[in-house]
Amino acid sequence: MVSSEGLSAPLPPPQAATRQYGVTKPISTAGPTEADIQRTLELEKFLVDAGLYESKEDADKREEVLQRIGQIVKDWVKQLTRLRGYTDQMVEDANALIFTFGSYRLGVHGPGADIDTLCVGPSYVNREEDFFFILHNILAEMEEVTELQPVPDAHVPVMKFKFDGISIDLLYASISLLVVPEDLDISDVSLLYDVDEPTVRSLNGCRVADQILKLVPNIEHFCTTLRCLKFWAKRRGVYSNVTGFLGGVNWALLVARVCQLYPNAVPSMLVSRFFRVYTQWRWPNPVMLCAIEEDELGFSVWDPRKNPRDRTHHMPIITPAYPCMNSSYNVSQSTLRVMVEQFRYGNNICEEVELNKARWCALFEPYLFFESYKNYLQVDIVAADVDDLRAWKGWVESRLRQLTLMIERDTLGMLQCHPYPHEYVDTNKQCAHSAFFMGLQRKQGEKTQGQQFDIRGTVDEFRHSINMYLFWKPGMEIYVSHVRRRQLPPYVFPDGCKRPRPSRIMAQQQADKLPYDDGEVSVTGSGERHLKRKKDLDGVDVNQVMPLEKRQSLSPQPRDSVSPVIISDKASSASPEQSDKGFSMEVVESNKRTLLGETELEYASNSSTITNVTSKGSCDDAGFGSVAVSSEGNTRSVEGSSVGSNNPGYLQGDVCEADSESLSDNGCGNGNLQQDGSQEALEPNAAFGMLLNSNKGVNSEQKAVIRHV
C-alpha cells in the first residue's frame, strides 16, 4: 500500500536505466526533481483519501476466500477422478490450482473490487459439463455463495459469483496433463499445447499479468500510476471493455508502455506523460510492450499484414504473452473519439498541475455526460425479478457495443455515438429495472443540413439480435427510445433532480463554439404503421400518443435556434409552425416474441422507439445537423457493409512522428517533445506505436468491413 507520508519505493538505481524496456529506446531517462517528488506525495495522498486502498482486514479476508475456493476445486477434481474409475493413487494425486490475474494480481485493486481467478485442472475435467454443471451445482448449494451466474458463451467463459461477500470471476482451463503439479509455471508456453482457443484466452489472463510485471522498470511506480489512471478513467466514463472503451488489462498495458518510455519517472511524472503520449498517439498504430513472437504451436497472433480482421481494429493494444492478441478489439470509431477527447482533457489538467495552476483533484472531476449532448438513446432493461434482471442485463449490456457499430455502419460514420458505461436504476418501477444511455451527435466538421438520420431499421436489427437470448423468461423486455436533454429522467442525476440550466447567454456562447450540428434522427420500428404499446414501464396503459399541442406547451422555444425536434408520423402532418416550435414523441412497439419451433421470426420485446428528429426548434439543443440515411424496413443486409475505417499502412518499429498541429498543441514541435522546459528528441524508432509497411500490408484506402451475425 502506498503511504501518504512518502514515496513507498526508492528511486531505481542508476544501472536500472541501462536496460532497455520495451521495443524502443526510452524517450527520457531523467529522474524526478524536487517538485516532481512533492507532486507525487500529493497525488498519493489524494488516492489514499479517495479510499482506493483496502484495509488489512479486507486483504486478509480475500486471502481466506481464495484459499477456500482453492480447496473447493481440489475436492471437486478428486470427486470427478473417483467417479470416472481412476485408481486410488490417481485420486490422491488429483489436483487443481487457483491463480489470480487482473487488478488483484497487479496489486491495484480497491475495496469491493472483484477477484479475477483461474482454475487450472487436468485434461479429463472439461469446461462444458464438469465446470459449468457439476462445479456450478456444488457452489449453488453453499451458503457462502450468492449471485451465482454462469456465462459459458462469453468470449472468455466465466462463472461469476460472490463468496462470503467477495465478488469472484472464475475461469477454467483444462491443460494436457493428467496431474496438475503444485509448482505449475503458468507462463510456460508448453501449457498451450493441444488446448482450444477459449482455454488459451483463459490462461492468457494470468500469463499477461505476469509478463506486465516483468516488463516494467519499477513495479511500485507502475502500480501507483495504474491505480490513478483507472480511477480517472472511471470518473471520466471511459472504463468499460464491454461498452467499447478500455478495461483493466488495457489500461495496465498503456501505463506499462509509458513506464518503459520514462524508466526513472515517479508516478506524478508518469501520469502527466501518459496523457502527453496518448494525446499524440497516431492510432491505429499499436501499443506493444515487447516484440510479437511467432511460435511453433501455430496460434494466430495479431498481424494486420496477414489477418484482414486485424486491419479493422481502431486502437490496437497488444498483449505481451504468446499468442499476442489485440486486447482492445471492442473499441469503435466513436469510443476512440471519446477517449482521445478525454486524453486531451487530462493532458490540459496535468499541464496546469505542473505549473501550479491546478490541484490533482481537478483531474478527477466527474464527466458531466448528461450535460454534454442534446440527444440521447435510452435503453431500458426490465425483468420480473432481480435474478432475472442480472442475467438479462448481462446479455443486453454485452450487445450494446453492437448498437454503436450498427449506427456507425448505417450512417456511414456521420452520426457519432457515445455509449455511457454507467448503469442507472429507476426505483419507482414496479419491476426490476436498469437503464443505459448513449449520447448522439453529428460528426464534427460536417455542414449538411435539411436531411435526417433514419436508424429505425438499425434499432429493429439490434432488438432482433437481443431477442435471440436463449434463456429468455417472461418479463424480460428491452425498450429503446430517443430522449432530448430536457427530457432526461430525474434518476440519472445524483441529487434526483436536474441541474440548474445555464443562462441563455452562456448557452448561446457554448452553441457558437460547436462547429457541427447533431442531425435529424429517426429511431422507430417499421415506419408505415403505428403499433400500440400495451403497457409502459410502470404498467400504465398507453393507447395513444400525447397530443402535439400538449408537448409543445412544455417548453416554448425561440424561433432562431437550430436543433433537432422529435417528429412522429402524426406530427409530420401538423402545420409548419407546430413542427418548428414544438416536439412530440410517438411510441412504436412490436409485442411478438420469437419462440423455439415457430416458423417466423418476429421482433419481440415491448421496445419503445421514436421516429424523427428535425433540425428545427429548441435553444438548448442548438447545433444538431442532419444527414439522410433512411431505413428500408426492419432488417438490414450486413455483409459487406462498411464501417468507414480508413486505417493507414504499417511499418515495423514504433513511430515517433505526429502531425505538426498535434505536436504543437501538446508542447511538441518538429518532432521534439518539450518536457519541463527542455526538448527531448524523439528517436526515429521512438515509442509512438508500431507501423507495418503499407506496401506489404493493407492499402491505406481500403475500407474496413465488419460483419454482424
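Since we're looking at a predicted model, the values are computed, not measured.

Analysis parameters
Residues numbered from 1 in each chain as written. Predicted model: local features only at pLDDT ≥ 70, side-chain atom pairs only at ≥ 80, totals over all residues. Heavy atoms only, no water. Helix = DSSP H or I, 4+ residues; strand = E, 2+ residues; numbered from the N terminus. Buried < 20%, exposed > 50% of the residue type's maximum accessible area, 1.4 Å probe, protein only. Contact = heavy atoms within 4.5 Å. Areas by Shrake-Rupley, 256 points an atom, 1.4 Å probe, with all protein chains shown as cover. Axes fitted to C-alpha atoms, helices over the stretch in contact; angles between N-to-C directions. Parallel < 35°, antiparallel > 145°, perpendicular 65-115°, else oblique. Left-handed = near helix turned anticlockwise from the far one by under 90°. Nonpolar A, V, L, I, M, F, W, Y, C, P; charged D, E, K, R; others polar. Expected span 1.5 Å × (residues − 1). Bend = angle between axes of the 7 residues up to and from the residue. Polar contact = N/O pair within 3.5 Å; in protein donor to acceptor, adjacent residues only side chain to side chain. Pairing = 2+ DSSP bridges. Salt bridge = Lys/Arg side-chain N within 4 Å of Asp/Glu carboxyl O. Core = buried A, V, L, I, M, F, W, Y, C linked by side-chain atoms within 4.5 Å. pLDDT = per-residue confidence, 0-100. Disulfide = S-S within 2.5 Å. Phe/Tyr/Trp six-rings, centres within 6.5 Å; stacked < 30°, edge-to-face > 60°.

1. Digging into the overall build of the chain
When you go through the chain residue by residue, the secondary structure sums to 16 helices and 18 strands. Every one of the 709 residues in the chain was classed for burial, and the buried ones make up 55%. Contacts in the chain between residues at least 24 apart in sequence constitute 77% of all its contacts with a sequence separation of at least 6. Summing over all exposed atoms, the chain offers an accessible surface of approximately 31300 Å²; the carbon and sulfur share of this is 50%.

2. Section: the packing of helix 7 (residues 219-235) against helix 9 (residues 267-280)
At a minimum axis separation of 9 Å, helix 7 and helix 9 run at an interaxial angle of 50°. Taken together, the axes of helix 7 and helix 9 are oblique relative to one another. Once helix 7 is placed against helix 9, the crossing between them reads as right-handed. Counting all contacts with helix 7, which are made through His221, Thr224, Thr225, Cys228, Leu229 and Trp232, the residues of helix 9 involved are Pro267, Leu270, Val271, Phe274 and Phe275. For the contact of helix 7 with helix 9, the residue count by class is eight nonpolar, three polar and no charged.

3. Quick word on helix 11 (residues 386-410)
Note: α-helices contain 3.6 residues per turn, so residues at a spacing of three or four share the same orientation. The terminal C-alpha atoms of helix 11, which comprises 25 residues, lie 35 Å apart, in line with the 36 Å expected from a rise of 1.5 Å per residue. Where helix 11 bends most, at Arg399, the angle is about 30°. Where helix 11 begins, the capping side chain belongs to Asp385, and its oxygen is found 3.2 Å from the backbone nitrogen of Asp387. Once helix 11 ends, the next one or two residues include Leu412, with phi positive near 55°.

4. With respect to the sheet that holds strand 3 (residues 145-151)
Reading across from one edge, 1-2-5-4-3 is the order of the five strands in this open sheet, with mixed pairing throughout. Strands at the two margins of the open sheet, each flanked by one partner only, are strand 1 (97-101) and strand 3. Taking the axes of each pair of neighbouring strands and ignoring which way they run, one obtains an average angle of 25° across the sheet. In this sheet, strand 4 (residues 158-163) lies alongside strand 3 in antiparallel orientation, the contact comprising five bridges. Bridge pairing in strand 4 links Val145 to Phe163.

5. Notes on the pattern of salt bridges
With the rule as written, the count across this model stands at 25 salt bridges. Here Arg84 makes a salt bridge to Asp130, at a shortest N to O gap of 2.5 Å. In this pair, Arg84 is assigned in the loop between helix 2 (56-83) and helix 3 (88-93) and Asp130 in helix 5 (residues 127-140), connecting sequence segments 46 residues apart. Note on Asp130: relative accessible area 0%, which makes it buried. Residue Glu341 is joined to Arg337 by a salt bridge in which the shortest nitrogen-to-oxygen separation is 3.4 Å.

6. Some details on the pairing of strand 10 (residues 477-484)
Of all eight residues making up strand 10, eight are buried, and the element is well covered by its neighbours. Here strand 10 shows two buried faces, one formed by Glu477, Tyr479, Ser481 and Val483 and the other by Ile478, Val480, His482 and Arg484. Note: strand 6 (residues 375-383) against strand 10, eight bridges, orientation antiparallel. Each bridged residue has a counterpart across the sheet, and for Val382 the counterpart in strand 10 is Glu477.

7. So, the nonpolar core
Formed by 98 residues in total, the largest nonpolar core has its most connected members in Phe222, Trp232, Trp251, Phe274 and Tyr278. With nine residues, the single largest contributor to this core is helix 8 (residues 248-261). If we skip the residues at most four places from it in the chain, Trp232 touches Val238, Trp251, Phe275, Gln342, Phe343, Tyr345, Leu363 and Phe364.

8. Topic: the confidence of the model for the chain
Confidence along the chain averages 74 in pLDDT terms, with 66% of residues attaining 70 or more. Residue range residues 1-17 is modelled with pLDDT below 50. Its contacts to residues more than four positions away, or to other chains, number 35 contacts. Per-residue pLDDT stays below 50 along residues 509-517; that stretch engages in 17 contacts with residues further than four places along the chain or on separate chains.

9. What about the state of the cysteines?
Tallying each qualifying case throughout the model produces zero disulfides. In this structure Cys290 is not part of a disulfide, and its nearest cysteine sulfur, from Cys324, lies 5.5 Å away. Of the cysteine sulfurs around Cys350, a residue in no disulfide, the closest is that of Cys228, at 7.8 Å. For Cys350, a relative accessible area of 1% puts it in the buried group.

10. Let's talk about the packing of aromatic side chains
Applying the stated criterion to the full structure yields 36 aromatic pairs. Taken together, a centroid distance of 5.0 Å and an interplanar angle of 75° make the contact between Phe369 and Phe370 edge-to-face. The exposure class of Phe369 is buried, given its relative accessible area of 2%. Phe370 sits in the buried class, given a relative accessible area of 8%. Their ring planes at 80° and their centres at 6.1 Å tell us that Tyr373 and Tyr376 sit as a pair that is edge-to-face. Classification of Tyr376 as buried rests on a relative accessible area of 0%. Each member of the aromatic cluster is reached from another via a ring pair, and the members are Tyr367, Phe369, Phe370, Tyr373, Tyr376, Tyr420, Tyr424, Phe437 and Phe493.

11. A look at unusual backbone geometry
Cis geometry is adopted by the peptide bond preceding Pro284, which originates at Trp283 and carries an omega value of 15°. Of note, the phi angle at Asp194 is positive, near 60°, even though the residue is not glycine. Tracing the sequence through the fold places Asp194 in the loop between strand 5 (166-174) and helix 6 (197-215). For Asn356, which is not glycine, the phi torsion reads 60° and is therefore positive. Within the secondary structure, Asn356 is located in the loop between helix 10 (333-354) and strand 6.

12. Describing the packing of helix 2 against helix 5
Contact pair helix 2 / helix 5: the axes reach a minimum separation of 11 Å and the direction vectors enclose 120°. Judged by the angle between their axes, helix 2 and helix 5 are oblique. The handedness of the crossing between helix 2 and helix 5 is right-handed. On helix 5, the residues touching Ile72, Val73, Trp76, Gln79 and Leu80 of helix 2 are Asp130, Phe131, Ile134, Leu135, Ile138 and Leu139.

13. Topic: the environment of Lys61
Within the secondary structure layout, Lys61 lies in helix 2. Put simply, Lys61 and Gly165 are 104 residues apart on the chain and 9.9 Å apart in space, counted from C-alpha to C-alpha. The contact partners of Lys61, leaving out residues within four places of it in the chain, are Asp164 and Ile166.

14. So, the sheet that holds strand 8 (residues 432-442)
Across a sheet, strands are paired by hydrogen bonds formed along the backbone, either parallel or antiparallel in direction. Spatial strand order, 7-8-6-10: four strands in an open sheet with antiparallel pairing. The outermost strands of the open sheet, each flanked by one partner alone, are strand 7 (415-419) and strand 10. Pairwise comparison of adjacent strand axes, ignoring direction, gives a mean angle of 25° for this sheet. Here helix 11 sits on the sheet and contacts strand 6, strand 7, strand 8 and strand 10; the angle it forms with strand 6, its principal contact strand, is near 150°.

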